[in-house]
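Here's the letter readout for the chains.
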Amino acid sequence: MHMHYYSLSKIFISFQFPTLGFIVERFWEIQAHEPEEFWTINCSHTSDEGTASFIWIRGHLFDYSSAVVIYEMCVHEPMATVQNVRNQEKLKYPPYPLSTVELQKRASRCCRMSSEHTMKVAEELYQAGFISYPRTETDSFSPNTDLHAIVREQVDHPDWGTYAQRLLNPEERLWRNPSNGGHDDKAHPPIHPTKFSTGENNWSPDHKKVYELVVRHFLACCSQPAVGAETTVEVDIAGEQFNASGRVVLAVSILKCFYHLLLLLTSNNLLPIFQQT
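For the structure given in this document, a descriptive report is provided here. Note that the coordinates shown come from a computational prediction; the quantities given were computed from them, not determined experimentally. (Residues numbered from 1 in each chain as written. Predicted model: local features only at pLDDT ≥ 70, side-chain atom pairs only at ≥ 80, totals over all residues. Heavy atoms only, no water.)

With that settled, the discussion passes to the overall build of the protein chain. Helices and strands together make up the secondary structure of the protein chain, namely eight helices and five strands. In the protein chain, the succession of helices and strands from N to C terminus is α-β-β-α-β-α-α-α-α-α-β-β-α. Taking all 277 residues of the protein chain together, 36% fall into the buried category. When contacts within the protein chain are restricted to residue pairs at least 6 apart in sequence, long-range pairs at least 24 apart make up 74% of them. (Helix = DSSP H or I, 4+ residues; strand = E, 2+ residues; numbered from the N terminus. Buried < 20%, exposed > 50% of the residue type's maximum accessible area, 1.4 Å probe, protein only. Contact = heavy atoms within 4.5 Å.)

Moving on, we get to the pattern of salt bridges. What the rule picks out here adds up to 10 salt bridges. Across the pair Glu102 and Arg106 runs a salt bridge, and its minimum N-O distance is 3.7 Å. With Glu102 and Arg106 both in helix H3 (residues 100–111) and four residues apart, the pair spans about one turn of that helix. On the accessibility criterion, Arg106 (17% relative accessible area) is buried. (Salt bridge = Lys/Arg side-chain N within 4 Å of Asp/Glu carboxyl O.)

Packing of H3 against helix H4 (residues 115–127) brings their axes to within 9 Å, and their N-to-C directions diverge by 115°. Taken as axis vectors, H3 and H4 run roughly perpendicular relative to one another. The handedness of the crossing between H3 and H4 is right-handed. Judged by residue contacts, Thr100, Leu103, Gln104 and Ala107 of H3 engage Ser115, Thr118, Met119 and Ala122 from H4. Here the residues of the contact of H3 with H4 are counted per class, giving four nonpolar, four polar and no charged. (Axes fitted to C-alpha atoms, helices over the stretch in contact; angles between N-to-C directions. Parallel < 35°, antiparallel > 145°, perpendicular 65-115°, else oblique. Left-handed = near helix turned anticlockwise from the far one by under 90°. Nonpolar A, V, L, I, M, F, W, Y, C, P; charged D, E, K, R; others polar.)

Across all of its chains, the model carries seven aromatic pairs by this definition. With a centroid separation of 5.0 Å and an interplanar angle of 80°, the aromatic rings of Phe130 and Trp203 are classed as edge-to-face. Here Trp203 lies in the loop between helix H6 (161–168) and helix H7 (205–221) and Phe130 lies in the loop between H4 and helix H5 (147–152), a separation of 73 residues in the sequence. Residues Phe130 and Trp203 agree in their burial class; the two are buried. Here Phe141 and Phe218 contribute two aromatic rings whose centre-to-centre distance is 5.8 Å and whose plane-to-plane angle is 85°, an arrangement assigned as edge-to-face. A residue pair is termed long-range when its members are at least 10 positions apart, and Phe141 in the loop between H4 and H5 and Phe218 in helix H7 qualify at 77 residues. Each member of the pair, Phe141 as well as Phe218, carries the same accessibility label: buried. Each residue in the set Phe130, Trp203 and Tyr211 is aromatic and connected to the rest through ring pairs, giving one cluster. (Phe/Tyr/Trp six-rings, centres within 6.5 Å; stacked < 30°, edge-to-face > 60°.)

The subject of this paragraph is unusual backbone geometry. Located in the positive-phi region is Arg112, a residue other than glycine, with phi close to 55°. Position of Arg112 relative to the elements: it lies in the loop between H3 and H4. Of note in the backbone geometry, Lys186 takes a positive phi value of approximately 65° without being a glycine. Mapped onto the fold, Lys186 is located in the loop between H6 and H7. We classify Lys186 as exposed; its relative accessible area is 73%.

Listed below in structure tokens is the structure:
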């Protein structure tokens, strides 16, 4: 046993020494590195749709005088010409109908509420008749559910009522039957609003947040996908090339009612719509 143990130890040590050598060598390289100053030129374009930040194609220059000369050229002739716009369409699909786990996740992310507190508030809204039973694994509606009737109850709301009306209008082509999330606990439907309210006198701010989340999620899962585009815009300023990358919103659809998804769609830089000249 002793000899076998010694053999393993010997192998272990033989593998560790080269690794230690690499670490020491890398440490010496870092210690010997001398930082060198460099300069870069960036620009931005602001419109009603937002601000697009453009990055210099050259990246950076180590020569200060050269960077200043190029910068002054751009300042003297600041008109930017759009040379190229590349788009790759992306769809942001509506969420599945709301289950307990998703309610907790979205309340945590969007409302900064703990799971325990979220369920306490949701239970109180349920007991008062404003939302369905909030403890459910089901994320698909029964074919017999009158979804239009649930939407119809929300058309007078000052914040999302206009969208609810548009959702019911066939000419708008916004309606899309909710997707089936594949889970059914055979006991309760997905969480959805059951009574209209613009806020009750005894509601706390958190009651309003949870009710709004439930309503907006329901409207969203009955909506068409939002359409965006992964976009790269290339511009020329006084002979210098700059580009910006981000997302352009082409068709808002669910984003009109479900602002939480807007955060996902615009997690990258949100760009205005540019046209090539």
